[in-house]
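Topology and contacts: notes
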Amino acid sequence: MAGNDWINSYLEAILDVGPALDDKRSSLLLRERGRFSPTRYFVEEVITGFDETDLYRSWIKAQATRSPQERNTRLENMCWRIWNLARQKKQLEGELAQRKAKRRLERERGRREATADMSEDLSEGEKGDAVSDISAHGDSNRGRLPRINSVDAMETWISQQKGKKLYIVLISLHGLIRGENMELGRDSDTGGQVKYVVELARALGSMPGVYRVDLLTRQVSSPDVDWSYGEPTEMLTPRNSEGLSDEMGESSGAYIVRIPFGPRDKYIPKELLWPHIPEFVDGALNHVIQMSKVLGEQVGGGQPVWPVAIHGHYADAGDSAALLSGALNVPMLFTGHSLGRDKLEQLLKQGRLSRDEINTTYKIMRRIEGEELSLDASEIVITSTRQEIDEQWRLYNGFDPILEKKLRARIKRNVSSYGRFMPRMATIPPGMEFHNIAPQDGDMDGEMEGNDDHPTTPDPPIWSEIMRFFNNPRKPIILALARPDPKKNITTLVKAFGECRPLQELANLTLIMGNRDGIDEMSSTSSSVLLSVLKLIDKYDLYGQVAYPKHHKQSDVPDIYRLAAKTKGVFINPAFIEPFGLTLIEAAAHGLPMVATKNGGPVDIHRVLDNGLLIDPHDQQSIADALLKLVADKQLWARCRQNGLKNIHLFSWPEHCKTYLSRIASCKPRHPQWQRSEDGLGNSESDSPSDSLRDIQDLSLNLKFSLDGEKNEASGNENSVGSEENAADRKNKLENAVMTWSKGVLKDRKMGLVEKSDQNANSSKFPPLRRRKHIFVLAVDSDSLTDLLEIIQKVFSSVENERNEGSVGFILSTSLTMSEVHSFLVSGGLSPNDFDAFICNSGSDLYYPSLNSENRPFVIDFYYHSHIEYRWGGEGLRKTLVRWAASINERKPENEAQIVTLAEKLSTDYCYTFKVEKAGMVSPVKEVRKMMRIQALRSHAIYCQNWTRLNVIPVLASRAQALRYLYVRWGVDLSKMVVFVGECGDTDYEGLLGGLHKSVILKGLCSSASNQFHANRSYPLSDVVPFDSPNIVQTPQDCSSDDIRASLENLGVMKE
């Protein structure tokens, strides 16, 4: 390279990135710097620093090129590339530092404001003195919740659970999930999470007190996969249920339930599932409601048995669980498994892809929003290790360990948190099945001979596959089991073994690096790691001392552990960071001591098992010393082995499930509040007048006649509906209205006004929408009320005959208040009875037409408020929003109107409304949500009315969720709904598209706000809306009633 002076300047630029190339301090050529080795620099610094594994191949190829001109050209191109990468890396590091600084400032500011609002003096508790038993994440500082540590204790706990009949729902959407012969490793979506959720469901189904567990996943009926993934239901047979199962029933146990959603004939990766999640939620909602009724008949005394918890696994299932738990009003749990923000940070550090490219490939921003929503909705977040909390969850806006500690202290002292909530973090290591594991007690010498009474059993085939590599197969085996990934640090392990002669003399090294056919067929990253391992074996001449078999089956893994234990070997996990380390537990169960990285989950495992040594994965000498110490010191080896076997039960599935169920028991029970013994919903198939009247009487206790439900409607104030009349008068009017309505219903039935009574058994039930064949939801966020009136009239006209027959009902879904809706109806010549329901204030209020429309034309459903009030911030939220509005108004020039102001008259108890004068000067909705999450306020912010208004409502309230409530409450079939929307709309627009209902997009409406609409999301609309779905159609531009009719016919809703 002496003749290639240009290389010196490029390499100098790499070393001195930042200063200009003509800087005087950088003028010294590299060849004058002493012992600098370009080859070593490329391999050890540049490649390692950038994780650009293909650079090494380029370098080798350039070195092997004989033509000087071609070689110089290759080197020049390569050096330019490296130089640009170095510049990019420094830029990314600077951006990362800026993001961290910004996040820290936002956190500190939010923490200060939250603490200022929570004005109670809790300085002692917030320092930790009063909550010494509660860490920053809700767990004990000493590590773990008390566990069962004896058979007697387990039996005592079992006796306490008798009589309970719990129903638990787990959700895991992606990958191929079945109970037996799991195809782990088939693709990136079918991995450890699949095994975890299946075994968790199986184990929970065998626990005392648990009657049924449903694991909900996607039904895949594709020719590319096995037929079993298309089966709707699969029962999970218990592995070992002696003494655990009690009073098994007809529907008890654990089941995989496959819900059809997304493309019916395709198996698609998880990144493409996001637009189809609403369809899954609707299908899952239908299953859970039906199963709750079935279980109610079996063990609930006729009342539905609702899930005690819904547990989402991974971001997509967390997003689904948030919507499903909100629709059912039951507690939610969440396990992230792998987190999007952490992955985004790692990908940005690598510098291979830009942020936009990362988002396009991994849908990472949609994933992060799903995880943030899961934090908003979850009661408990379950993690495997403390590292996941300390290093990953703290990256999220919705979780702050310091603020969480303050809130937990206030809860402990029974002091108000002013509307602030933080999910509890619970560290529960994954469980394992140990009943079929027999630790290897013999050794290679002691079991080589058999006799007549105890003949030797044939060795597993995988043993000979490994042993053929060794010159001396009787030496202890150092076992590493990991895929060939740079993060697993296998090359450092081989270097440590190769440079430690005493270790080579005492032990063999076995590397189980997945399965492969040919190196050229592997991914570039995997093949690069494998090639590096092979070259190191050659460099240190380790032939006959290192095994690296090409193939093994999942069923071979226990035999591999047994072989290592039989030789008195050691298991090692040298990964740079190990989130948990399940292989360490598996190895310990087979009697293998461990050497493991000190970064991540192995620290927690070592604290429990005390069966080995922790090492710095970057310190090659530390790895060699730890291995040599365990292999050479037989007493230490035996002590570590014994400790592991003695404590391994702490990671069993019964232990995991006991802790899991105790966490669920700590959640405040929630379920649909209208369930009463006299509630007519449970007898919805009954057609008797007495049942109808009973339903009406129950309803009358929980609905209030109102012109407008704004302000104090749930406060207990009898003036909440704007009336000063006393309770007796109100009661008389209500009773008269109910009796008048019920007589009218019976009269209509006798006169034959109900078209087919046998098909409309519920036609006498309130409200009328229960007897409609189809429900049309008018959710058009038009630019003006005139446009809205016009489109309503067009829709009415398109189904005029069906409307007159009563087979089609209508719901108006809007961001307007009820009084605004009433004014709109009056001015437009419409009657409240033209609609079956009104979803107002962006989904925070639900009304029905009144039974007596003369004085009070609307009835408000207060059950709906009890359904959505979970984690509603109330006054604490209002104060924060007013402070936010003041900070926005500080930007305005003097003598100009306020940019944002609180609209007291438009606000209600469950909707804070702000008027926006200058849309361009307010923060996008994603920033408003971020601000609230940082302060532990859980709510849903929506810009509406063409960006002239901001509505802030409960986190699990929305216009889409209101439709699901109508299904849960009244049995209105979601698949019979048709939602009409414009081309654009309020910022909750995306939730109205997708799902089991049909959607009609009216082209030409609401298009003026499209630029602002798209700026309020951090991901494209295509990531959340399945525009290719057969349930979504678009009308022509400026459509007529005939065009709307044609669209309905295309959807199969109306006949041609």
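Every residue gets a number counted from 1 within its own chain, in the order that chain's sequence is written. Reporting in this predicted model follows two pLDDT cut-offs: at least 70 for local features of residues, and 80 or more for side-chain atom pairs to be given and counted; totals over whole chains, interfaces and linings ignore these cut-offs and use all residues. Excluding hydrogens and water, the side-chain values take into account all heavy atoms of the structure.

Topic: helix 10 (residues 340-350)
- Three exposure classes are used, based on accessible area relative to the maximum for each residue type with a 1.4 Å probe and protein chains only: buried under 20%, partly exposed in between, and exposed over 50%. Segments assigned H or I by DSSP are reported as helices when at least four residues long, segments assigned E as strands when at least two residues long, and all are numbered from the N terminus. Of the residues making up helix 10, those classed as buried are G340, R341, L344, E345, L347 and L348. Projected down its long axis, helix 10 shows its buried positions confined to an angular sector of 165°, all on one face.
- Just beyond helix 10, the residue with positive phi is G351, at close to 80°. By arc we mean the arc of the directions from the helix axis to the C-beta atoms, nothing more.

Quick word on unusual backbone geometry
- Even without being glycine, N841 reaches a positive phi, approximately 50°.
- For N946, which is not glycine, the phi dihedral falls at a positive 55°.
- By relative accessible area, which is 33% here, N946 ends up partly exposed.

Side note on the nonpolar core
- Ranked by internal contacts, the top residues of the largest apolar core, which has 102 residues, are I171, F280, L285, L328, W393 and L966.
- The contact partners of L966, leaving out residues within four places of it in the chain, are L769, I811, L846, Y848, G971 and V972.
- Of all hydrophobic cores here, the second largest spans 70 residues; its members include A496, F497, I648 and L650. Definition used in this section: a nonpolar core is a set of buried Ala, Val, Leu, Ile, Met, Phe, Trp, Tyr and Cys residues joined via side-chain atoms within 4.5 Å. For this analysis, residues touch if any pair of their heavy atoms sits within 4.5 Å.

Description of the packing of aromatic side chains
- Aromatic contacts are taken between Phe, Tyr and Trp rings whose centres are within 6.5 Å, Trp giving its six-membered ring; a plane angle under 30 degrees counts as stacked, one over 60 as edge-to-face, and the others as tilted. In this structure the tally under the stated criterion is 18 aromatic pairs.
- Note on Y196 and W653: the rings are 5.9 Å apart at their centroids and 50° apart in plane angle, and the pair reads as tilted. Remark: W653 occurs in helix 24 (residues 653-665) and Y196 occurs in helix 7 (residues 192-205); sequence separation between them is 457 residues.
- For Y196, a relative accessible area of 12% gives the class buried.
- With a centroid separation of 5.0 Å and an interplanar angle of 50°, the aromatic rings of W393 and Y396 are classed as tilted.

Remarks on the sheet that holds strand 24 (residues 949-954)
- If you trace the four strands from one edge of the open sheet to the other, you get 21-22-24-23, paired in antiparallel fashion. The two strands at the open ends of the sheet, each matched to only one other strand, are strand 21 (900-902) and strand 23 (939-944). The sheet shows a mean angle of 25° between the axes of neighbouring strands, direction not considered.
- At least two DSSP bridges between two strands are required for those strands to pair. Bridging between strand 22 (residues 912-916) and strand 24 involves four bridges; their strand directions are antiparallel. Its bridge partner being in strand 24, Y912 is matched across the sheet by V952.
- Each of strand 21, strand 22, strand 23 and strand 24 is contacted by helix 31 (residues 874-889), which is oriented at about 10° to strand 22, the strand it contacts most. Think of each axis as a best-fit line through the C-alpha atoms, taken over the contacting stretch in the case of a helix, with angles from 0 to 180 degrees between the N-to-C directions.

Section: the packing of helix 11 (residues 355-362) against helix 12 (residues 364-377)
- At a minimum axis separation of 6 Å, helix 11 and helix 12 run at an interaxial angle of 70°. With respect to helix 12, the axis of helix 11 lies roughly perpendicular. The segment helix 11 lies against helix 12, with R355, I358, N359 and Y362 engaging I364, M365 and R366. Should an angle fall under 35 degrees it is called roughly parallel, over 145 degrees roughly antiparallel, and 65 to 115 degrees roughly perpendicular, with every other angle called oblique.

Points about the packing of helix 7 against helix 24
- At a minimum axis separation of 10 Å, helix 7 and helix 24 run at an interaxial angle of 80°. On the basis of their axis angle, the class for helix 7 and helix 24 is roughly perpendicular. Each of Y196, E199, L200, A203 and L204 in helix 7 lies in contact with helix 24, whose residues at this interface are W653, H656, C657, Y660 and L661.

Considerations on the state of the cysteines
- The disulfide criterion is simple: two cysteine sulfur atoms within 2.5 Å. Going through the model one piece at a time under the given rule, you end up with zero disulfides.
- C944 forms no disulfide, and the closest cysteine sulfur to it belongs to C911, at a distance of 7.5 Å.

A look at the pattern of salt bridges
- By convention in these notes, a salt bridge is any Lys or Arg side-chain nitrogen within 4 Å of a carboxyl oxygen on Asp or Glu. For the structure on display, the rule yields 37 salt bridges.
- Put simply, K270 and E271 hold a salt bridge, and the shortest N to O gap is 3.7 Å. One exposure class covers both K270 and E271, and it is buried.
- Three or more residues are tied together by salt bridges with common partners; here these are E369, D376, R933 and R938.

Limitation: the analysis is restricted to geometry and does not speak to function.
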